[in-house]
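Per-entry structural report
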Amino acid sequence: MPEWLISLIITSVKILIVEVVLLTAVAYSVYAERRLSAFIQNRLGPNRVGPQGLFQPLVDVIKLVLKEDIVPDSANKFIHSLAPGISVAVALSTFAVIPFGDKIILFDREIKLQIADVNIGVLYILALLSLGVYGITLSGWSSNNKYSLLGGLRASAQMISYELAMGISVLGIILANGTLELDTIVANQFGWKWNIILQPLGFLTFLVSSFAETNRTPFDLPEAEQELVGGYHTEYSSMKFALFFLAEYANVVVASAFITTLFLGGWQFPYLQNFGLPAFWVSIIQVLTFCAKVFFMVIFFIWVRWTIPRFRYDQLMNLGWKVMLPIALVNLVITAAFLVLTK
Amino acid sequence: MYSDYGQVLIFLIFALGFVAIALVSAWIVSPKRPTKGKYTTYECGEDTVGETWVKFNIRFYITALIFIIFDVEIVFLFPWAVVFKEIGMLAFIEMAAFLLVLIVGLVYVWAKGDLQWDKPQPEIPKLDREIFKAGN
(Lines give C-alpha, C1' and ligand atoms only; values in the text may rest on other atoms or scores of the structure.)
Protein backbone atom coordinates (compact mmCIF):
# COMPACT_ATOMS: atom_id res chain seq x y z
CA MET A 1 0.00 0.00 0.00
CA PRO A 2 1.28 3.48 -0.81
CA GLU A 3 2.25 5.66 2.09
CA TRP A 4 -0.35 8.37 1.45
CA LEU A 5 -3.17 5.82 1.58
CA ILE A 6 -1.97 4.38 4.89
CA SER A 7 -1.77 7.80 6.50
CA LEU A 8 -5.19 8.70 5.10
CA ILE A 9 -6.64 5.52 6.61
CA ILE A 10 -4.95 6.18 9.97
CA THR A 11 -6.20 9.76 10.02
CA SER A 12 -9.72 8.76 9.03
CA VAL A 13 -9.94 5.98 11.59
CA LYS A 14 -8.67 8.30 14.31
CA ILE A 15 -11.18 10.98 13.34
CA LEU A 16 -14.02 8.48 13.14
CA ILE A 17 -13.24 7.09 16.60
CA VAL A 18 -12.95 10.57 18.10
CA GLU A 19 -16.19 11.82 16.54
CA VAL A 20 -18.15 8.71 17.51
CA VAL A 21 -16.83 8.84 21.09
CA LEU A 22 -17.52 12.59 21.22
CA LEU A 23 -21.10 12.19 19.97
CA THR A 24 -21.74 9.35 22.40
CA ALA A 25 -20.32 11.43 25.22
CA VAL A 26 -22.58 14.31 24.19
CA ALA A 27 -25.65 12.08 24.09
CA TYR A 28 -24.84 10.66 27.50
CA SER A 29 -24.12 14.06 29.00
CA VAL A 30 -27.76 14.88 28.21
CA TYR A 31 -28.74 11.71 30.05
CA ALA A 32 -26.35 12.56 32.91
CA GLU A 33 -27.86 16.03 33.13
CA ARG A 34 -31.40 14.66 33.40
CA ARG A 35 -30.46 12.01 35.95
CA LEU A 36 -28.27 14.28 38.07
CA SER A 37 -30.80 17.11 38.07
CA ALA A 38 -33.39 14.59 39.16
CA PHE A 39 -31.20 13.39 42.03
CA ILE A 40 -30.45 16.98 43.06
CA GLN A 41 -34.18 17.73 43.13
CA ASN A 42 -35.03 14.47 44.88
CA ARG A 43 -36.68 12.89 41.83
CA LEU A 44 -35.80 9.76 39.86
CA GLY A 45 -35.34 11.06 36.32
CA PRO A 46 -35.53 8.86 33.20
CA ASN A 47 -35.10 5.26 34.39
CA ARG A 48 -37.49 3.20 32.22
CA VAL A 49 -35.72 2.58 28.89
CA GLY A 50 -33.09 -0.08 29.48
CA PRO A 51 -31.19 -0.61 32.74
CA GLN A 52 -31.31 2.62 34.75
CA GLY A 53 -32.68 4.37 31.63
CA LEU A 54 -29.38 4.02 29.82
CA PHE A 55 -30.98 3.79 26.38
CA GLN A 56 -32.87 7.04 26.88
CA PRO A 57 -30.60 9.14 24.53
CA LEU A 58 -31.22 6.63 21.72
CA VAL A 59 -34.97 6.82 22.16
CA ASP A 60 -34.85 10.62 22.34
CA VAL A 61 -33.05 10.79 18.99
CA ILE A 62 -35.56 8.44 17.37
CA LYS A 63 -38.42 10.49 18.75
CA LEU A 64 -36.96 13.76 17.46
CA VAL A 65 -36.25 12.32 14.01
CA LEU A 66 -39.85 11.15 13.69
CA LYS A 67 -41.24 14.64 14.39
CA GLU A 68 -42.41 16.94 11.65
CA ASP A 69 -39.93 19.63 10.69
CA ILE A 70 -41.71 22.98 10.90
CA VAL A 71 -40.18 26.07 9.31
CA PRO A 72 -42.41 29.12 9.76
CA ASP A 73 -43.56 30.87 6.57
CA SER A 74 -42.05 34.18 7.56
CA ALA A 75 -38.60 32.72 8.31
CA ASN A 76 -35.60 33.04 6.03
CA LYS A 77 -35.60 29.37 5.04
CA PHE A 78 -32.01 28.97 3.89
CA ILE A 79 -30.40 30.59 6.93
CA HIS A 80 -32.92 28.90 9.20
CA SER A 81 -31.65 25.50 8.02
CA LEU A 82 -28.01 26.58 7.91
CA ALA A 83 -27.79 27.83 11.52
CA PRO A 84 -28.01 24.48 13.40
CA GLY A 85 -25.48 22.99 10.97
CA ILE A 86 -23.00 25.79 11.74
CA SER A 87 -23.50 25.31 15.48
CA VAL A 88 -22.84 21.57 15.41
CA ALA A 89 -20.00 21.53 12.87
CA VAL A 90 -18.15 24.27 14.74
CA ALA A 91 -18.66 22.64 18.13
CA LEU A 92 -17.44 19.26 16.86
CA SER A 93 -14.42 20.49 14.92
CA THR A 94 -13.05 22.25 17.99
CA PHE A 95 -12.01 18.79 19.15
CA ALA A 96 -9.61 18.38 16.20
CA VAL A 97 -6.65 19.92 18.03
CA ILE A 98 -7.19 18.64 21.57
CA PRO A 99 -4.56 16.06 22.58
CA PHE A 100 -6.26 13.14 24.32
CA GLY A 101 -3.10 11.10 24.85
CA ASP A 102 0.62 11.14 24.23
CA LYS A 103 1.63 8.48 21.68
CA ILE A 104 0.64 4.88 21.16
CA ILE A 105 2.49 2.16 19.24
CA LEU A 106 0.14 0.00 17.18
CA PHE A 107 1.21 -2.39 14.38
CA ASP A 108 4.79 -1.08 14.64
CA ARG A 109 3.63 2.45 13.96
CA GLU A 110 3.86 5.38 16.29
CA ILE A 111 0.47 7.07 16.31
CA LYS A 112 0.04 10.46 17.91
CA LEU A 113 -3.11 10.61 20.01
CA GLN A 114 -4.21 13.97 18.70
CA ILE A 115 -5.94 14.55 15.40
CA ALA A 116 -4.00 17.59 14.23
CA ASP A 117 -0.98 19.00 16.03
CA VAL A 118 -1.63 22.55 14.89
CA ASN A 119 1.07 24.91 16.13
CA ILE A 120 -1.51 27.57 17.06
CA GLY A 121 -3.90 25.18 18.84
CA VAL A 122 -5.02 27.68 21.47
CA LEU A 123 -5.84 30.32 18.85
CA TYR A 124 -7.68 27.72 16.75
CA ILE A 125 -9.97 26.79 19.63
CA LEU A 126 -10.60 30.41 20.64
CA ALA A 127 -11.41 31.25 17.01
CA LEU A 128 -13.86 28.36 16.67
CA LEU A 129 -15.50 29.18 20.00
CA SER A 130 -16.21 32.68 18.71
CA LEU A 131 -17.50 31.26 15.41
CA GLY A 132 -20.12 29.43 17.46
CA VAL A 133 -21.88 32.72 18.05
CA TYR A 134 -22.84 32.84 14.35
CA GLY A 135 -25.02 29.76 14.60
CA ILE A 136 -26.99 31.24 17.49
CA THR A 137 -27.26 34.77 16.11
CA LEU A 138 -28.29 33.60 12.63
CA SER A 139 -30.91 31.24 14.05
CA GLY A 140 -32.32 34.06 16.17
CA TRP A 141 -32.42 36.46 13.26
CA SER A 142 -33.71 34.10 10.57
CA SER A 143 -36.63 32.74 12.61
CA ASN A 144 -38.44 36.08 12.34
CA ASN A 145 -39.74 35.67 15.85
CA LYS A 146 -39.33 38.20 18.64
CA TYR A 147 -38.25 35.66 21.25
CA SER A 148 -35.65 34.21 18.91
CA LEU A 149 -34.28 37.62 17.97
CA LEU A 150 -33.94 38.68 21.61
CA GLY A 151 -32.29 35.37 22.48
CA GLY A 152 -29.83 35.72 19.61
CA LEU A 153 -28.99 39.31 20.59
CA ARG A 154 -28.40 38.40 24.19
CA ALA A 155 -26.26 35.43 23.22
CA SER A 156 -24.02 37.45 20.93
CA ALA A 157 -23.52 40.31 23.40
CA GLN A 158 -22.82 37.83 26.20
CA MET A 159 -20.41 35.68 24.24
CA ILE A 160 -18.32 38.56 22.91
CA SER A 161 -18.12 40.11 26.39
CA TYR A 162 -16.75 36.98 28.02
CA GLU A 163 -14.48 36.14 25.11
CA LEU A 164 -12.18 38.98 26.20
CA ALA A 165 -11.76 37.61 29.71
CA MET A 166 -11.29 34.13 28.28
CA GLY A 167 -8.58 35.21 25.85
CA ILE A 168 -6.65 37.19 28.47
CA SER A 169 -6.80 34.42 31.07
CA VAL A 170 -5.26 31.98 28.58
CA LEU A 171 -2.42 34.45 27.98
CA GLY A 172 -0.94 33.70 31.41
CA ILE A 173 -0.39 30.07 30.39
CA ILE A 174 1.05 31.04 27.03
CA LEU A 175 3.48 33.41 28.78
CA ALA A 176 4.75 30.62 31.02
CA ASN A 177 5.00 28.04 28.23
CA GLY A 178 6.09 30.28 25.35
CA THR A 179 4.00 28.34 22.85
CA LEU A 180 0.49 28.07 21.46
CA GLU A 181 0.78 24.32 20.91
CA LEU A 182 -1.61 22.35 23.08
CA ASP A 183 0.51 19.18 23.28
CA THR A 184 3.52 21.15 24.56
CA ILE A 185 1.33 22.87 27.14
CA VAL A 186 0.14 19.44 28.32
CA ALA A 187 3.65 17.96 28.29
CA ASN A 188 4.85 20.81 30.52
CA GLN A 189 2.24 19.95 33.16
CA PHE A 190 4.01 16.80 34.38
CA GLY A 191 3.96 15.76 38.05
CA TRP A 192 2.21 18.27 40.27
CA LYS A 193 2.81 21.20 37.90
CA TRP A 194 -0.77 21.48 36.69
CA ASN A 195 -1.68 24.96 35.56
CA ILE A 196 -4.55 25.08 38.03
CA ILE A 197 -1.88 25.28 40.77
CA LEU A 198 0.41 27.64 38.87
CA GLN A 199 -2.39 29.88 37.55
CA PRO A 200 -5.30 29.76 40.03
CA LEU A 201 -6.59 33.23 39.14
CA GLY A 202 -6.46 32.47 35.43
CA PHE A 203 -8.28 29.21 36.04
CA LEU A 204 -11.07 31.01 37.90
CA THR A 205 -11.68 33.62 35.19
CA PHE A 206 -11.37 30.99 32.46
CA LEU A 207 -13.89 28.72 34.18
CA VAL A 208 -16.45 31.49 34.63
CA SER A 209 -15.98 32.69 31.04
CA SER A 210 -16.42 29.21 29.66
CA PHE A 211 -19.71 28.91 31.53
CA ALA A 212 -20.79 32.14 29.81
CA GLU A 213 -19.45 31.03 26.42
CA THR A 214 -21.43 27.79 26.52
CA ASN A 215 -24.60 29.65 27.59
CA ARG A 216 -24.97 27.50 30.68
CA THR A 217 -26.60 28.51 33.91
CA PRO A 218 -25.95 30.92 35.65
CA PHE A 219 -25.44 32.62 32.27
CA ASP A 220 -28.27 31.01 30.29
CA LEU A 221 -30.09 34.26 29.48
CA PRO A 222 -30.26 33.53 25.73
CA GLU A 223 -32.73 30.77 26.51
CA ALA A 224 -34.29 31.99 29.72
CA GLU A 225 -37.53 30.01 29.59
CA GLN A 226 -39.53 32.36 31.77
CA GLU A 227 -38.90 35.35 29.52
CA LEU A 228 -38.09 34.05 26.04
CA VAL A 229 -39.97 30.71 25.71
CA GLY A 230 -37.15 28.78 24.01
CA GLY A 231 -34.85 31.68 23.18
CA TYR A 232 -33.06 31.40 19.84
CA HIS A 233 -34.45 27.93 19.08
CA THR A 234 -38.13 28.76 19.70
CA GLU A 235 -39.02 28.13 16.03
CA TYR A 236 -37.03 24.93 15.63
CA SER A 237 -38.37 21.41 15.69
CA SER A 238 -37.43 17.86 14.72
CA MET A 239 -33.78 17.21 13.80
CA LYS A 240 -32.83 20.88 13.64
CA PHE A 241 -33.82 21.29 17.27
CA ALA A 242 -31.90 18.11 18.08
CA LEU A 243 -28.84 19.58 16.38
CA PHE A 244 -29.03 22.70 18.54
CA PHE A 245 -29.38 20.55 21.61
CA LEU A 246 -26.42 18.48 20.49
CA ALA A 247 -24.35 21.61 19.82
CA GLU A 248 -25.05 22.92 23.32
CA TYR A 249 -23.85 19.75 24.98
CA ALA A 250 -20.98 19.34 22.52
CA ASN A 251 -19.88 22.80 23.61
CA VAL A 252 -19.97 21.69 27.23
CA VAL A 253 -17.87 18.62 26.47
CA VAL A 254 -15.43 20.63 24.36
CA ALA A 255 -15.14 23.35 27.00
CA SER A 256 -14.44 20.65 29.59
CA ALA A 257 -11.78 19.13 27.35
CA PHE A 258 -10.22 22.56 26.78
CA ILE A 259 -10.16 23.32 30.52
CA THR A 260 -8.67 19.87 31.16
CA THR A 261 -5.98 20.43 28.54
CA LEU A 262 -5.04 23.91 29.70
CA PHE A 263 -5.41 23.71 33.46
CA LEU A 264 -5.91 20.14 34.69
CA GLY A 265 -2.87 18.56 33.08
CA GLY A 266 -4.60 17.02 30.05
CA TRP A 267 -3.68 13.33 29.78
CA GLN A 268 -0.98 13.59 32.47
CA PHE A 269 -1.31 11.03 35.25
CA PRO A 270 0.98 12.31 38.04
CA TYR A 271 4.10 10.16 38.56
CA LEU A 272 2.87 7.39 36.25
CA GLN A 273 6.42 6.79 34.95
CA ASN A 274 7.47 5.64 38.44
CA PHE A 275 5.25 2.56 38.24
CA GLY A 276 7.30 0.95 35.45
CA LEU A 277 4.38 -0.16 33.27
CA PRO A 278 4.79 -1.25 29.64
CA ALA A 279 4.49 1.61 27.14
CA PHE A 280 1.21 0.41 25.67
CA TRP A 281 -0.56 0.39 29.03
CA VAL A 282 0.88 3.80 29.90
CA SER A 283 -0.79 5.19 26.76
CA ILE A 284 -4.09 3.54 27.62
CA ILE A 285 -4.01 4.87 31.19
CA GLN A 286 -3.24 8.36 29.89
CA VAL A 287 -6.21 8.33 27.54
CA LEU A 288 -8.44 7.07 30.35
CA THR A 289 -7.09 9.79 32.64
CA PHE A 290 -8.01 12.40 30.06
CA CYS A 291 -11.53 10.95 29.74
CA ALA A 292 -11.96 10.86 33.51
CA LYS A 293 -10.94 14.51 33.87
CA VAL A 294 -13.30 15.59 31.10
CA PHE A 295 -16.08 13.55 32.70
CA PHE A 296 -15.43 15.27 36.02
CA MET A 297 -15.64 18.71 34.39
CA VAL A 298 -18.90 17.82 32.59
CA ILE A 299 -20.39 16.69 35.90
CA PHE A 300 -19.21 19.97 37.41
CA PHE A 301 -20.98 21.93 34.64
CA ILE A 302 -24.19 20.03 35.34
CA TRP A 303 -23.85 20.38 39.09
CA VAL A 304 -23.45 24.17 38.82
CA ARG A 305 -26.48 24.43 36.55
CA TRP A 306 -28.77 22.87 39.11
CA THR A 307 -27.29 24.76 42.07
CA ILE A 308 -27.00 28.41 41.06
CA PRO A 309 -29.88 30.63 39.89
CA ARG A 310 -29.69 32.77 36.75
CA PHE A 311 -28.10 36.23 36.70
CA ARG A 312 -29.95 39.37 35.68
CA TYR A 313 -28.71 40.86 32.42
CA ASP A 314 -27.08 43.93 33.95
CA GLN A 315 -25.36 41.72 36.52
CA LEU A 316 -24.08 39.50 33.74
CA MET A 317 -22.58 42.39 31.78
CA ASN A 318 -21.15 43.99 34.93
CA LEU A 319 -19.48 40.72 35.89
CA GLY A 320 -18.00 40.29 32.44
CA TRP A 321 -16.66 43.79 31.89
CA LYS A 322 -16.04 45.14 35.37
CA VAL A 323 -14.91 42.04 37.27
CA MET A 324 -13.67 39.31 34.95
CA LEU A 325 -11.76 41.53 32.53
CA PRO A 326 -9.81 43.46 35.24
CA ILE A 327 -9.03 40.23 37.13
CA ALA A 328 -7.74 38.60 33.97
CA LEU A 329 -5.57 41.66 33.23
CA VAL A 330 -4.17 41.63 36.78
CA ASN A 331 -3.39 37.93 36.38
CA LEU A 332 -1.57 38.64 33.14
CA VAL A 333 0.56 41.44 34.63
CA ILE A 334 1.39 39.38 37.75
CA THR A 335 2.45 36.40 35.62
CA ALA A 336 4.59 38.56 33.33
CA ALA A 337 6.24 40.35 36.28
CA PHE A 338 6.92 37.03 38.02
CA LEU A 339 8.52 35.55 34.92
CA VAL A 340 10.73 38.62 34.37
CA LEU A 341 11.85 38.83 37.99
CA THR A 342 12.66 35.13 38.41
CA LYS A 343 14.49 34.82 35.14
CA MET B 1 2.07 12.82 5.75
CA TYR B 2 -0.84 15.22 5.65
CA SER B 3 -0.29 18.71 6.94
CA ASP B 4 -2.02 19.54 10.21
CA TYR B 5 -4.57 21.76 8.55
CA GLY B 6 -5.28 19.00 6.06
CA GLN B 7 -6.24 16.80 9.00
CA VAL B 8 -8.38 19.59 10.44
CA LEU B 9 -10.08 19.78 7.03
CA ILE B 10 -10.78 16.02 7.06
CA PHE B 11 -12.19 16.41 10.55
CA LEU B 12 -14.43 19.25 9.38
CA ILE B 13 -15.62 17.15 6.42
CA PHE B 14 -16.56 14.33 8.82
CA ALA B 15 -18.44 16.81 11.03
CA LEU B 16 -20.30 18.33 8.07
CA GLY B 17 -21.05 14.82 6.81
CA PHE B 18 -22.62 14.00 10.17
CA VAL B 19 -24.80 17.12 9.98
CA ALA B 20 -25.83 16.31 6.41
CA ILE B 21 -26.70 12.68 7.24
CA ALA B 22 -28.72 13.79 10.27
CA LEU B 23 -30.70 16.41 8.34
CA VAL B 24 -31.31 14.25 5.25
CA SER B 25 -32.36 11.17 7.22
CA ALA B 26 -34.74 13.27 9.30
CA TRP B 27 -36.11 14.82 6.11
CA ILE B 28 -36.77 11.36 4.66
CA VAL B 29 -38.30 9.85 7.79
CA SER B 30 -40.28 12.72 9.26
CA PRO B 31 -43.99 13.10 8.46
CA LYS B 32 -45.18 16.06 6.40
CA ARG B 33 -48.74 17.12 7.12
CA PRO B 34 -48.85 20.85 6.47
CA THR B 35 -51.70 22.87 7.90
CA LYS B 36 -51.97 26.61 7.76
CA GLY B 37 -51.74 27.28 11.47
CA LYS B 38 -48.55 25.30 11.89
CA TYR B 39 -46.45 27.67 9.83
CA THR B 40 -47.35 30.89 11.57
CA THR B 41 -44.84 32.62 13.81
CA TYR B 42 -45.08 31.54 17.42
CA GLU B 43 -46.11 34.24 19.84
CA CYS B 44 -47.81 32.45 22.72
CA GLY B 45 -50.79 31.52 20.51
CA GLU B 46 -51.70 35.13 19.68
CA ASP B 47 -51.42 36.78 16.26
CA THR B 48 -48.04 38.49 16.02
CA VAL B 49 -48.01 42.18 16.81
CA GLY B 50 -45.99 44.51 14.60
CA GLU B 51 -42.63 43.96 12.99
CA THR B 52 -40.22 41.37 14.36
CA TRP B 53 -37.03 43.10 13.37
CA VAL B 54 -37.53 46.06 15.67
CA LYS B 55 -34.93 48.57 16.73
CA PHE B 56 -32.98 46.91 19.50
CA ASN B 57 -31.28 48.52 22.44
CA ILE B 58 -28.31 50.63 21.34
CA ARG B 59 -26.21 49.11 24.15
CA PHE B 60 -25.81 45.88 22.22
CA TYR B 61 -24.23 47.88 19.42
CA ILE B 62 -21.94 49.82 21.78
CA THR B 63 -20.87 46.58 23.47
CA ALA B 64 -19.96 45.11 20.09
CA LEU B 65 -17.89 48.20 19.24
CA ILE B 66 -15.99 48.10 22.54
CA PHE B 67 -15.44 44.39 22.05
CA ILE B 68 -13.82 44.91 18.66
CA ILE B 69 -11.37 47.47 20.10
CA PHE B 70 -10.32 45.21 22.96
CA ASP B 71 -10.25 42.07 20.86
CA VAL B 72 -7.82 43.64 18.39
CA GLU B 73 -5.57 44.58 21.31
CA ILE B 74 -5.69 41.00 22.60
CA VAL B 75 -4.66 39.77 19.16
CA PHE B 76 -1.51 41.88 19.62
CA LEU B 77 -0.90 40.27 23.01
CA PHE B 78 -0.77 36.69 21.68
CA PRO B 79 2.48 36.93 19.66
CA TRP B 80 4.01 38.93 22.51
CA ALA B 81 3.16 36.16 24.97
CA VAL B 82 4.80 33.51 22.78
CA VAL B 83 8.18 35.27 22.51
CA PHE B 84 8.07 36.87 25.97
CA LYS B 85 10.58 34.48 27.61
CA GLU B 86 13.19 35.07 24.90
CA ILE B 87 13.08 38.86 24.98
CA GLY B 88 12.53 39.32 28.72
CA MET B 89 12.66 42.74 30.35
CA LEU B 90 12.28 44.82 27.20
CA ALA B 91 9.14 42.92 26.22
CA PHE B 92 7.76 43.43 29.70
CA ILE B 93 8.26 47.19 29.65
CA GLU B 94 6.90 47.62 26.14
CA MET B 95 3.85 45.55 26.89
CA ALA B 96 3.31 47.33 30.19
CA ALA B 97 3.01 50.57 28.20
CA PHE B 98 0.63 48.88 25.76
CA LEU B 99 -1.47 47.42 28.56
CA LEU B 100 -1.55 50.84 30.24
CA VAL B 101 -3.16 52.29 27.11
CA LEU B 102 -5.60 49.37 27.10
CA ILE B 103 -6.49 49.94 30.74
CA VAL B 104 -6.88 53.70 30.20
CA GLY B 105 -9.32 52.85 27.42
CA LEU B 106 -11.22 50.53 29.73
CA VAL B 107 -11.36 53.15 32.48
CA TYR B 108 -12.57 55.77 29.96
CA VAL B 109 -15.34 53.52 28.67
CA TRP B 110 -16.26 52.62 32.23
CA ALA B 111 -16.37 56.27 33.38
CA LYS B 112 -18.45 57.29 30.34
CA GLY B 113 -21.04 54.79 31.50
CA ASP B 114 -20.91 52.71 28.32
CA LEU B 115 -20.57 49.53 30.35
CA GLN B 116 -23.60 50.42 32.45
CA TRP B 117 -26.65 48.31 31.76
CA ASP B 118 -29.96 49.48 33.18
CA LYS B 119 -30.83 47.83 36.41
CA PRO B 120 -34.49 46.97 36.56
CA GLN B 121 -36.27 49.04 39.17
CA PRO B 122 -39.48 47.25 39.97
CA GLU B 123 -42.20 49.17 41.72
CA ILE B 124 -43.12 47.15 44.74
CA PRO B 125 -46.77 47.79 45.62
CA LYS B 126 -47.14 49.24 49.08
CA LEU B 127 -50.14 49.26 51.36
CA ASP B 128 -50.76 52.59 52.99
CA ARG B 129 -52.38 51.07 56.01
CA GLU B 130 -51.33 48.21 58.19
CA ILE B 131 -53.62 45.23 58.04
CA PHE B 132 -52.56 43.68 61.27
CA LYS B 133 -51.14 45.53 64.18
CA ALA B 134 -49.01 43.41 66.37
CA GLY B 135 -49.42 43.67 70.10
CA ASN B 136 -52.69 45.62 70.43
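A brief look at the structure comes next. Note that the structure is a prediction, hence the values are computed from the model and not measured. (Residues numbered from 1 in each chain as written. Chains lettered and ligands numbered in written order. Predicted model: local features only at pLDDT ≥ 70, side-chain atom pairs only at ≥ 80, totals over all residues. Heavy atoms only, no water.)

A count of helices and strands for chain A gives twelve helices and two strands. Shown N-terminal to C-terminal, the secondary structure of chain A runs as helices and strands in the order α-α-α-β-β-α-α-α-α-α-α-α-α-α. The C-alpha radius of gyration computed for chain A amounts to 21 Å, which stays within 12% of the reference 20 Å derived for 343 residues, consistent with globular compactness. Expressed as lengths along the three principal axes of its C-alpha atoms, the size of chain A is roughly 60 × 55 × 45 Å. Nonlocal contacts in chain A, meaning residues at least 24 apart in sequence, comprise 79% of its contacts between residues at least 6 apart. Here chain A displays about 13800 Å² of accessible surface, and carbon together with sulfur accounts for 72% of that area. Of the side chains in chain A, 22 bear a positive and 22 a negative charge, and the two mean positions are spaced by 6 Å. (Helix = DSSP H or I, 4+ residues; strand = E, 2+ residues; numbered from the N terminus. Rg over C-alpha atoms; globule rule 2.2 N^0.38 Å. Contact = heavy atoms within 4.5 Å. Areas by Shrake-Rupley, 256 points an atom, 1.4 Å probe, with all protein chains shown as cover. Lys, Arg positive; Asp, Glu negative; His and termini not counted. Charge placed at Lys NZ, Arg CZ, Asp CG, Glu CD.)

Let's shift gears to the side chain of B:E73. Here B:E73 shows up in helix α2 (residues 58-87). The side chain of B:E73 sits in the buried core without any salt bridge; B:K112 is the nearest counter-charge, 17 Å away. (Buried < 20%, exposed > 50% of the residue type's maximum accessible area, 1.4 Å probe, protein only. Salt bridge = Lys/Arg side-chain N within 4 Å of Asp/Glu carboxyl O.)

Turning our eyes to something else, we now look at the side chain of A:E213. Residues and elements named next belong to chain A. Checked against the element boundaries, E213 lands in helix α8 (residues 200-213). As a buried residue without a salt bridge, E213 has its nearest oppositely charged side chain in R216, at a separation of 13 Å. From its side chain, E213 meets the backbone nitrogen of E163 in a polar contact 3.3 Å long. Every residue in contact with E213, bar those within four places of it in the chain, is listed here: L129, M159, Y162, E163 and M166. (Polar contact = N/O pair within 3.5 Å; in protein donor to acceptor, adjacent residues only side chain to side chain.)

A word on helix α4 (residues 121-142) of chain A. Between its first and last C-alpha, α4(A) extends 32 Å over 22 residues, near the 32 Å set by a 1.5 Å rise per residue. Where α4(A) terminates, the next one or two residues include A:N144, which has phi positive at roughly 55°. (Expected span 1.5 Å × (residues − 1).)

Let us now look at the nonpolar core. Counting residues in hydrophobic clusters, the biggest one holds 119 residues, and the most contacted among them are A:F95, A:V122, A:L262, B:W80 and B:F84. Among the elements that take part in this core, helix α10 (residues 238-263) of chain A stands out by supplying 16 residues, more than any other. With residues near it in sequence (within four places) discarded, B:F84 still touches A:L175, A:A336, A:L339, A:V340, B:A91 and B:F92. Grouped together as the second largest cluster of nonpolar side chains are eight residues, A:V133, A:A155, A:M159 and A:F244 included. (Core = buried A, V, L, I, M, F, W, Y, C linked by side-chain atoms within 4.5 Å.)

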